[in-house]
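Close look at the chain arrangement
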Amino acid sequence: MRSTFGISDCSLLCINSSVDAPINHQMNPWASHMSDASLSQGLGRFLNIDDINEIKNLMHNLSSKHIIPSMEQKIRELNQQVSATRKGFKNQIKNLWWRKGKEDGADSPNGPMYNYSSIESQIRVLGDYAFMLRDYELALSNYRLISTDYKIDKAWRRYAGVQEMMGLTYFMLDQSRKEAEYCMENAFSTYAKLGSLGPLNATRCGLWWIEMLKARDQYKEAATVYFRICGEYKMCDQIKHAIRTYRNALSVFKGSTWSYIIDHVHFHIGQWYASLGMYDVAVKHMMEILACSHQSKATQELFLGDFLQTVEVSVSGSLLSRADSRNYVSSYVVYGESLWGACFMFLYHGFLISMSVNTREALWNSLEEEMLPSFSAAKSNWLELQSKLISKKNSQSNVCVAGEAVKVNIEFKNPLQISIPVSGVALICKHSGSTDEARPAENQSNMETDNEIDHFRSMSSENTSFSVSEVDFSLGAGETTMVQLSVTPSVEGTLSILGVRWKLSGAIIGFHDFESSHPKKNIVKGRRKTNYSPNDMFKFMVIKSIPKLQGSVSHLPGKAYAGDLRQLVLELSNPSDFPVKNLKMKISHPRFLTIGNPEHINSEFPACLTKKIDSVNNDAQANPGIMSDTVFMFPEDTSIQGENPFLWPLWFRAAFPGDISLCMSIYYEIGDLSSVIRYRTLRLHYNVQVLPSLDVSFQISPSRMRMQEFLVRLDVVNKTSSESFQVCQLSSVGKHWEVSLLQPPDTTFPSQSLMAGQAISCFFTLQNSRLLTSEANESAMHVRSDLSLVPQSSDNLVFNINSAPLINFHHFERLQQEFPNEDQGDLNTVDFVLISRSLKSDNNRGLSDPPCVMTHHACHFSTTSTGPISWLVDGPQTLQHDFSASFCEINLKMHLYNSSGATAIVCIDTLDSAGSGGVVQSATLDIQAGWHDVTPVSELKVTSNAVETKPKKALSPDSVSPYIWSGSSSTSLCLEPMSSVETPLQICVFSPGTYDLSSYFLSWKLSSKGHGDGDETIQQSGKCQGYKYYITVLQSS
């Protein structure tokens, strides 16, 4: 061989030196270079270390001394040949001329045939050799040269191959990413247009392209190329390869917010798995896209339709084995959680058990807090469990009664834009007898995987231990609905609520496990707190039947006008043979509901509210227990049993407009001492819609004619759009204020009705009766505190507002309208009650009966807004005098009243009038006391607007005084609490005219030793100018 080929071209290699026993290498020497190599093949097991080194040296010498030099020599020869025939301006023109017209020929997938000796083949070989020897510039120049020739000759397969190599060359040069991607795109697109060999070449090109993008961290673009490769696999009927590429793309998009592309990947993977018959995996991927609220309505219908079709085909074809069915049904839990976010709230006889804080449950707890007995160490439950009758195992369980339903409120939400029909929604429950032994916790589960299918079969069969309700409904686009489900145990034992099941589109059964959706919470270190697992919350101990109180409120309207007063009846019944006793009751809104007296149960309404002739001075005052916010105790001898109902009167008043939720909780104890439950509660809940009716406002001004007499303006506005009302009566609460009209009722209310949108005002006087009589005969004097606003007739009734229930409702209105820091014992405040009724009309929409009596309350109306001291100047208004004989002396009196609870020191300082300014013409009378516009508001409000006199302008000092105060210029008085006094005044007038006698100042100061020194709301001292008082003096004839 050496003599033939030469010494330098021959080498001898000796291998397999280990003859006695094979050498066990730790790894195959070729494992890092072969994809299908494995240790089981035993490659190289007879090679020792020297043999492996000899092989490496031989291959190194072969490559460096023979292969690479030979390739370099070939590159030089081919480069010379190509330069002589194709490079240069002359050769380029010649080549274009020779190929002219070929672009007009017909397309062929393979194009023209090139033999190995053709110049095109030689250029391609030159480019490939240069690429292998890493001369990328030379390789790129030759690829560009031959690419144009292949394109002109329409040799599309060869053109795509050259474009692929150009893209790899650009990538290796790392010069232009844009050019590299452009070449790979051309190659991939051209391969896709070829025949049967095109998809295979396109796949190879795409894989190279993906690796290029991944090397540059362009994962998003790489995933896009994966999708295109998948399409090529699908065209080649290589579905498994298509799934593999899409799953690789899915890993790239993991954690991305691009939801549309993720939905696209899952949808196609699910379709392809279904075509392969792998329905369980197909359904799993399709469930990932069901809650696609971001997709269009058409896309959502497509996704849901394919999912339902896949499931129906798999079930109808009987392709699911028992193991597959187990996995398939288990997937519905995931489906249910992705399609609907459920908020589970459990209601038992009105008792709510919730994982989160519920406002209504907090209201019930506040109502029942004072009624329920307190326990030092017991679970917070509405039922009192007797430890002697309940085993330790069930001491922490909820309790339900055989034959009574346990209700569960479940919220279903549809995030899609399409309607979803849901049927057969029912609770999944499990009942065990009282004698069954509990299994260990580690061997027990709410939904064992092995028994899921059997569990659904048992739900469809008849179960004698309990019964469940089923609900069918349809969820509209984006709709959220609350569904109430119930389970009624029939025998004693243990009842567990495991979850909820449903049927989608009448074919697919799904369920949701309650315990899996509520994992146990960790307890903060250092805080010892009882940890109740979700299983304990859904577990009930079923006891035997016990008495259950049933109740209702009769004649309660669903819609009423503000102020509407009605008589109701609370009806309680107990169908059990055992009695219930020790009843208590509490109401959530005492402004709307109050408890009546038993003697009113058979009385006629509204006649029972009127004043009796023989009881003018013996008004029945309100029951203090009823007026308080505490628990109302029924009589001790009250016992309810059998068929006879127990009746108790209630009173309803619509206090203010709005949607009102009325809650009543009734506590009662079981008469059977052997019962596990000692007491129970009955919860009654009603909703009432209150509409606006009359808006009432008051304004007060002190009178200048009499002490402690006030002028009051009443404004009434009908806020309804179609109803008419009649104002019947105005009353002052208490026995110290007397009201009277300034004009007859016919003049004030000529039409006797207040139409819709109409407003009316009337005036009346208010007088403090304490000044009219002494304390000795105060009780014997009748004070007219009720004023009829309609003409007297036999049908008119005078309502007694100082008796129940009117005084009870007024008590809560006073608490509601109370001002901060207000003195509750202030005797200078007055409350008003306006009574009206609705006139019968055909426009009473939604009202069962028009209101007979409507009350409107205005509270805390003060008559001392300017201070505790009030005064009045009394004297002649007009007199005659002969000024030619002498000046005129006029005697006056000033009445003062101290309305506070402290002794007051009062000082009166008089100032002489100056010049003609003291003479006032009749046209310039400016009396500040008067009426002002009152803007009606939605609620009753009272304002006080006392007289304030502005100081007069200073007159010229050189003018002559028309009159002077002839008495003392300063007078000091001491006023005892709640008392009045008179002091004389005198003026001298020198000429005829009309004079304003307000030129004096009155100042006061309350003693710190009085009862009112601690009240910050009462002014302790003050000073103001006198009221305007006009006197006219005429010259006598």
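Here is what the cut-offs are and how they apply
Residues numbered from 1 in each chain as written. Predicted model: local features only at pLDDT ≥ 70, side-chain atom pairs only at ≥ 80, totals over all residues. Heavy atoms only, no water. Helix = DSSP H or I, 4+ residues; strand = E, 2+ residues; numbered from the N terminus. Contact = heavy atoms within 4.5 Å. Areas by Shrake-Rupley, 256 points an atom, 1.4 Å probe, with all protein chains shown as cover. Buried < 20%, exposed > 50% of the residue type's maximum accessible area, 1.4 Å probe, protein only. Pairing = 2+ DSSP bridges. Axes fitted to C-alpha atoms, helices over the stretch in contact; angles between N-to-C directions. Salt bridge = Lys/Arg side-chain N within 4 Å of Asp/Glu carboxyl O. Phe/Tyr/Trp six-rings, centres within 6.5 Å; stacked < 30°, edge-to-face > 60°. Lys NZ or Arg CZ within 6 Å of the ring centre and 35° of its normal. Parallel < 35°, antiparallel > 145°, perpendicular 65-115°, else oblique. Left-handed = near helix turned anticlockwise from the far one by under 90°. Nonpolar A, V, L, I, M, F, W, Y, C, P; charged D, E, K, R; others polar. Expected span 1.5 Å × (residues − 1). pLDDT = per-residue confidence, 0-100. Patch = residues over 30% accessible without salt bridge, like charges linked within 9 Å, V, L, I, M, F, W, Y side chains within 5 Å.

**Observations regarding the overall build of the chain**
Across its full length, the chain holds 20 helices and 41 strands. Excluding contacts between residues fewer than 6 apart, the proportion of contacts in the chain whose partners are at least 24 apart in sequence is 77%. Summed over all atoms, the accessible surface of the chain reaches about 54,100 Å², with 52% contributed by carbon and sulfur.

**Topic: unusual backbone geometry**
In this model, Phe605 is joined to Pro606 through a cis peptide bond whose omega is 10°. With respect to the element layout, Pro606 can be found in the loop between strand E16 (593-595) and helix H18 (624-627). One non-glycine residue, His555, lies in positive phi territory at about 65°. Turning to its location among the elements, His555 is positioned in the loop between strand E12 (550-554) and strand E13 (559-561). Judged by its relative accessible area of 60%, His555 is exposed. Even without being glycine, Met978 reaches a positive phi, approximately 55°. Inspection of the secondary structure assignment puts Met978 in the loop between strand E36 (970-975) and strand E37 (979-989). For Met978, a relative accessible area of 31% translates into the label partly exposed.

**Regarding the sheet that holds strand E38 (residues 993-996)**
One open sheet holds the 3 strands; their spatial order is E31-E41-E38, and the pairing between them is mixed. In this open sheet, the two strands that pair with only one neighbour each are strand E31 (878-881) and E38. Within the sheet, the average angular offset between the axes of one strand and its neighbour, ignoring direction, is 25°. As paired strands, E38 and strand E41 (residues 1030-1035) are joined by 4 bridges and run antiparallel to one another. Looking at the pairing, Thr994 lines up with Thr1032 of E41.

**Let's talk about the pattern of salt bridges**
A complete count under the given rule lists 13 salt bridges for this structure. A salt bridge links Glu164 to Arg204; its shortest N-O distance comes to 2.7 Å. Of this pair, Glu164 sits in helix H6 (residues 156-173) while Arg204 sits in helix H8 (residues 198-215), and the two are 40 residues apart along the sequence. The partly exposed category is assigned to Arg204, whose relative accessible area is 33%. Linking Arg713 and Asp715 is a salt bridge whose minimum nitrogen-to-oxygen distance equals 3.0 Å. The pair Arg713 / Asp715 is uniform in exposure class, with both members buried. Linked through salt bridges whose partners overlap, the residues forming this network are Arg591, Arg653 and Glu813.

**Concerning the packing of aromatic side chains**
If you walk through the whole model with that rule in mind, you get 23 aromatic pairs. Measuring from ring centre to ring centre gives 5.3 Å for Tyr667 and Tyr679, while their planes differ by 40°; the resulting arrangement is tilted. Of this pair, Tyr667 sits in strand E20 (residues 658-670) while Tyr679 sits in strand E21 (residues 679-691); the two residues are 12 residues apart in sequence, bridging distant segments of the chain. Tyr667 gets classed as buried once you look at its relative accessible area, which sits at 1%. Judged by relative accessible area, Tyr679 falls into the buried class, the value being 1%. Following the ring pairs from residue to residue traces out a cluster consisting of Phe632, Phe634, Phe646 and Trp648. One residue, Lys584, lies across the ring of Tyr667, its end atom 4.9 Å from the ring centre. The side chain of Lys1023 reaches across the aromatic face of Phe1001, ending 5.2 Å from its centre.

**Concerning the packing of helix H10 (residues 239-252) against helix H11 (residues 259-275)**
Two packed helices can be described by the angle between their axes and the distance between those axes. Running from amino to carboxyl end, H10 crosses H11 at an angle of 155°, the nearest separation of the two axes being 10 Å. One element, H10, and the other, H11, form an angle in the roughly antiparallel class. H10 and H11 meet at a crossing whose hand is left-handed. Together, Ile239, Ala242, Ile243, Tyr246, Arg247 and Leu250 of H10 and Ile262, His264, Val265, His266, His268, Ile269, Trp272, Tyr273 and Ser275 of H11 make up the contact between the two elements. For the contact of H10 with H11, the class distribution of residues is 10 nonpolar, 4 polar and 1 charged.

**Details of helix H7 (residues 177-192)**
For H7, spanning 16 residues, the distance from its first C-alpha to its last is 22 Å, which sits close to the expected 22 Å at 1.5 Å a residue. Looking only at H7, the buried set comprises Ala180, Cys183, Met184, Asn186, Ala187, Phe188, Thr190 and Tyr191.

**Concerning the pairing of E20**
Each regular strand shows side chains that alternate between the opposite faces of the sheet. Within E20, 10 of the 13 residues are buried, which leaves it mostly tucked inside the rest of the structure. With 6 bridges joining them, strand E15 (residues 580-587) and E20 adopt antiparallel strand pairing. Of the residues in E20, the one forming a bridge with Lys584 is Tyr667. As paired elements, E20 and E21 share 12 bridges and run antiparallel to each other. Among the inter-strand pairings, Tyr668 is bridged to a residue of E21, identified as Arg680.

**Digging into the packing of helix H4 (residues 119-132) against helix H5 (residues 136-153)**
It is the contact of H4 with H5, at a shortest axis distance of 8 Å, that shows an interaxial angle of 155°. It follows that H4 is roughly antiparallel to H5 by the angle criterion. Judged by the sense of rotation from one axis to the other, the crossing of H4 with H5 is left-handed. Across from Glu120, Ile123, Arg124, Leu126, Gly127, Asp128, Ala130 and Phe131 in H4, the residues of H5 making contact are Tyr136, Leu138, Ala139, Asn142, Tyr143, Leu145, Ile146 and Tyr150. Across the contact of H4 with H5, the residue classes tally to 11 nonpolar, 2 polar and 3 charged.

**Considering the sheet that holds E37**
Spatially, the 4 strands line up as an open sheet ordered E30-E32-E37-E35, and their pairing is antiparallel. Only two strands of the sheet have a single neighbouring strand rather than two, namely strand E30 (869-874) and strand E35 (963-965). With direction set aside, neighbouring strand axes in the sheet form an average angle of 30°. As defined by bridge partners, E30 adjoins strand E32 (residues 888-898) across 6 bridges and the pair is classed as antiparallel. Bridging across to E32, Asp874 finds its partner in Lys893.

**Focus: the side chain of Thr983**
Structurally, Thr983 is set in strand E37. The residues touching Thr983, leaving out its near neighbours within four places in the chain, are Leu892, Lys893, Met894, Leu896, Ile908, Thr971 and Leu973.

**What to know about the confidence of the model for the chain**
Looking at the chain, pLDDT values average 75 and 72% of them are 70 or higher. In the predicted structure, residues 519-530 sits below a pLDDT of 50 and forms 6 contacts with residues beyond four places in sequence or in another chain.

**Examining a nonpolar patch on the surface**
A cluster of nonpolar side chains, Met59, Leu62, Ile67 and Ile68, forms an exposed patch at the surface whose accessible area comes to about 320 Å². In this structure, Leu62 sits in helix H2 (residues 49-85). On the basis of relative accessible area, Leu62 is assigned to the partly exposed category, the value being 36%.

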